[in-house]
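Overview (structure and organization)
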Amino acid sequence: MIPILDLKEQYHSLRPQMLRAIEDVLEGGAFINGPNVKALEGEVAAYAGAGHGVALNSGTDALHLALRALDIGPGDEVITTPFTFVATTEAIGIVGATPVFVDIDPATFNMDPELLEAAITPRTRAILPVHLYGHPAPMDRIMEIARKHKLYVIEDCAQAIGATFDGRFVGTIGDFGAFSFFPSKNLGAYGDGGMLLTNDPALADRARSLRGHGGRVKYYHEELGVNSRLDELQAAVLRVKLPHLESWIANRRAVAQRYNEALSAAGFAVPQDPANGRHVYHQYTLRVENRERVQEELRAAGVQTMVYYPVPLHMQKVHAMLNQGEGSFPHSERAAREVISIPMFPELAPDVQDRVIEAVLKVCRHEAVA
Ligand SMILES: *Cc1c(COP(=O)(O)O)cnc(C)c1O
């Protein structure tokens, strides 16, 4: 079976440095708030061109603490898309605010900025675009609308580290960029992890205080915080990986280009760079009719596929109280029925890519949605 993601090959290519880095942490005896976390914050910030990095224990907490740091809470509304992972709206709910959805642009799966202004109310405090699958959202329009209405922007970059828009890295354009180091993300730890990037030193300071029990000085607590620290072992793992991220992105883009050539010729709408941005292909996602049959036949042909995500968030039980049932966001609902992601990772060899292409063409060329 050709897996959708294989992390073993990457580990084997880094094994000596990885084991040395882990051993160094174990020998050093500092497991929390140690030198690797601090260094990683600086290195990720420098990579993306951000002023500050605040390492956290997950991407979910990065979103949650960004909202807290901006004092967004009960009575406030945050505009986002229903076609994303649940963590996006979970973070909004956790601080007591209300998610307000706008539909996606069916060509990119990202928030359609032309729908934003109609969704803004006097309670709106922030826009939360998601760079889904690694495709940068249209940050020019989003920032323009946010400035006009004095709204904060929190970018969900969990799937998009390294993606760019108008020459800037995603996560450095809005007030905060929230990143995930979940193992399967483009820069993955060997456990949970996340980070906030921001150019505002006061916001970085507030997020840092919130992550460590709401205080800046040990045992002095100014506000209700959480324990959301990244640990030294994960920071050490990520520091071994970060220098390779650009070459992994280049490999993902080469895989995507090979897929695109073969599959666009067969009538598929293929994921592409926006005119002024860089897609990092966290996922390579197509649309098909009769998805269940297609998935089954691809499995029989030895190709693993996944569906991200089968139920749009406005139709999830957790958000039933928003009273937005089926029919509210037709592009998101249609995407949820049609999307299928095929194997995509930097180590996917050309002959294996060709086997994936061959299977896709054989199984679903008549199911292609253009
Ligand atoms: C993975 C992911 C998150 C959450 O990150 P975790 O590190 O798993 O908490 C948030 N948003 C999106 C779009 C994601 O893909």
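This write-up is about the structure you can find in this document. This structure is a prediction, so every number in the text was calculated from the model and none was measured.

Let us look at the packing of aromatic side chains. Following the criterion strictly, the structure yields ten aromatic pairs and no others. The interplanar angle of 70 degrees and the centroid separation of 5.7 Å between the aromatic rings of Y308 and Y309 together place this pair among those described as edge-to-face. An identical accessibility class is assigned to Y308 and Y309; each is buried.

As a further point, take the site of the ligand. Close contacts around the ligand come from 16 residues, with G59, T60, D156, S180 and K185 the closest. For the ligand, an oxygen atom lies 3.0 Å from a polar atom in the side chain of K185. Looking at the shell around the ligand, the elements with two or more residues in it are α3 (59–69) and α4 (87–94). Residues that form the shell around the ligand fall into these classes: six nonpolar, eight polar and two charged.

In this section: the pattern of salt bridges. According to the stated counting rule, one finds 19 salt bridges in the structure shown. R239 is the partner of E43 in a salt bridge, and the nearest nitrogen-oxygen pair spans 2.7 Å. You can see E43 sitting in helix α2 (residues 35–48) and its partner R239 sitting in helix α8 (residues 232–241), a full 196 residues away along the chain. Classification of E43 as partly exposed rests on a relative accessible area of 29%. Since its relative accessible area comes to 30%, R239 is described here as partly exposed. One salt-bridge network, in which partners are shared between bridges, spans R68, D71, R206 and E223.

Basis of the calculations
- Residues numbered from 1 in each chain as written.
- Predicted model: local features only at pLDDT ≥ 70, side-chain atom pairs only at ≥ 80, totals over all residues.
- Heavy atoms only, no water.
- Phe/Tyr/Trp six-rings, centres within 6.5 Å; stacked < 30°, edge-to-face > 60°.
- Buried < 20%, exposed > 50% of the residue type's maximum accessible area, 1.4 Å probe, protein only.
- Near = heavy atom within 4 Å.
- Polar contact = N/O pair within 3.5 Å; in protein donor to acceptor, adjacent residues only side chain to side chain.
- Helix = DSSP H or I, 4+ residues; strand = E, 2+ residues; numbered from the N terminus.
- Nonpolar A, V, L, I, M, F, W, Y, C, P; charged D, E, K, R; others polar.
- Salt bridge = Lys/Arg side-chain N within 4 Å of Asp/Glu carboxyl O.

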